[in-house]
Amino acid sequence: MAMQKPQQQRGRGGKPREASEYDQRVVDLARVTRVTEGGKRMSFRACIVVGNKKGLVGFAIAKGADVQGAIGKAKRRAEKMVMPVPIKNGTIPHAIAAKFKAARILLKPAPTGSGVIAGGAVRIVLEMAGIPNVSGKMLGSSNKLNNVQATMRALQILQQSSWKKRIKTKNA
């Protein structure tokens with residue numbers, strides 16, 4: 001029996017990929033076209049929301065030559081943009097409204113056992129954040145990308161208000 005050679009790593013980097021600690025959901029995947037001098041150039045745009053379902057969530061939009069490239073690029077960007085979300089008694093601390101362009105989002109705390117009551121893109125963000133009981137409403141726009149960004153702004157405002165409360169209690 002001949003001795004086997006150790007397998008060599010191929011490709012760039014040589015490091016094995018480690019599993020991500022975040023789950024991902026595709027919010028929007030679109031084929032976009034750019035008109036150039038020689039004709040039309042097609043690419044794909046992906047909007048991805050990542051989260052650990054325990055209070056961390058992030059999102060990103062990226063373009064790529066193919067679908068997998070766009071999704072991979074968006075996922076890497078989203079993992080860099082992860083932010084904590086305050087969860088109090090299984091819901092958000094208080095009601096919040098946020099706006100991004102024409103999209104307005106209203107999030108309210110919900111009683112235990114009611115689940116995530118929200119539609120479309122808002123639901124995906126709240127589920128990835130790991131908020132078990134919350135009620136959300138999209139007002140104004142039905143654009144998925146703008147609704148995701150408005151939801152992230154609302155969660156960011158919640159995070160900032162929880163920091164302000166902590167600072168006030170430390171100083172008092």
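Preceding this section is the structure that the text describes.
None of the values given here were measured: they were computed from a predicted structure.

## Some thoughts on a positive patch on the surface
- A cluster of basic side chains, namely Lys73, Arg76, Arg77 and Lys80, defines a positive patch on the protein surface.
- By the element assignment, Arg76 lies in helix H1 (residues 67–80).

## Observations concerning unusual backbone geometry
- Phi at Asn89 is positive, roughly 55°, even though this residue is not glycine.
- Along the chain, Asn89 turns up in the loop between strand E4 (83–84) and strand E5 (96–100).
- Positive phi outside glycine occurs at Lys101, with the angle close to 55°.
- Structurally, Lys101 can be placed in the loop between E5 and strand E6 (103–109).
- Using a relative accessible area of 58% as the deciding quantity, one classes Lys101 as exposed.

## Notes on the pattern of salt bridges
- Under the defined criterion, the tally for this structure stands at five salt bridges.
- When the shortest N-O distance is used, the salt bridge between Arg25 and Glu127 registers 3.2 Å. With a gap of 102 residues between them, Arg25 in strand E1 (residues 23–36) and Glu127 in helix H2 (residues 120–129) connect regions that are remote in the sequence.
- Overall, the relative accessible area of 33% leaves Arg25 in the partly exposed class.
- Glu127 sits in the partly exposed class, given a relative accessible area of 26%.
- Among the charged side chains, a salt-bridge network with shared partners connects Arg25, Arg123 and Glu127.

## Things to note about the sheet that holds E4
- Spatial ordering of the open sheet is given by E1-E2-E3-E4, a layout of four strands whose pairing is antiparallel. Edge positions in the sheet fall to E1 and E4, since each of these pairs with one other strand and no more.
- Bridge count for E1 against strand E2 (residues 39–51) is 13 bridges, and the pairing is antiparallel. If you follow Val35 over to E2, its bridge partner there is Lys40.
- Strands E1, E2 and strand E3 (56–64) of the sheet are contacted by H1, whose axis makes an angle of about 145° with E3.

What counts and how
Position numbers for residues count from 1 along each chain, tracking the sequence in the order it is written. The predicted nature of this model means local features are confined to residues of pLDDT at least 70 and side-chain atom pairs, given and counted, to a pLDDT of 80 or more, with totals for whole chains, interfaces and linings taken over all residues. Excluding hydrogens and water, the side-chain figures rest on all heavy atoms present in the structure. Nonpolar side chains (Val, Leu, Ile, Met, Phe, Trp, Tyr) are joined into patches within 5 Å and like charges within 9 Å, using only residues with over 30% relative accessible area and no salt bridge. All accessibility values rest on the Shrake-Rupley procedure with a 1.4 Å probe; residue burial counts only the protein chains present in the view. Between Lys or Arg on one side and Asp or Glu on the other, a salt bridge is scored when a side-chain nitrogen of the former is within 4 Å of a carboxyl oxygen of the latter. By the counting scheme adopted, Arg and Lys are positive, Glu and Asp are negative, and His together with the chain ends is not counted. By convention, the charge on Lys lies at NZ, on Arg at CZ, on Asp at CG and on Glu at CD. Only DSSP runs of H or I covering at least 4 residues are called helices, and only runs of E covering at least 2 are called strands; the numbering of each starts at the N terminus. Accessible area is worked out with a 1.4 Å probe on protein chains only. A residue is then buried under 20% of its type maximum, exposed over 50%, and partly exposed in between. Pairs of strands are assigned from DSSP output, requiring at least two bridges between the strands. Should any heavy atoms of two residues lie within 4.5 Å, those residues are counted as being in contact. As a rule, the C-alpha atoms of each element are fitted with a line to give its axis, helices using only the stretch in contact, and angles between N-to-C directions run from 0 to 180 degrees.

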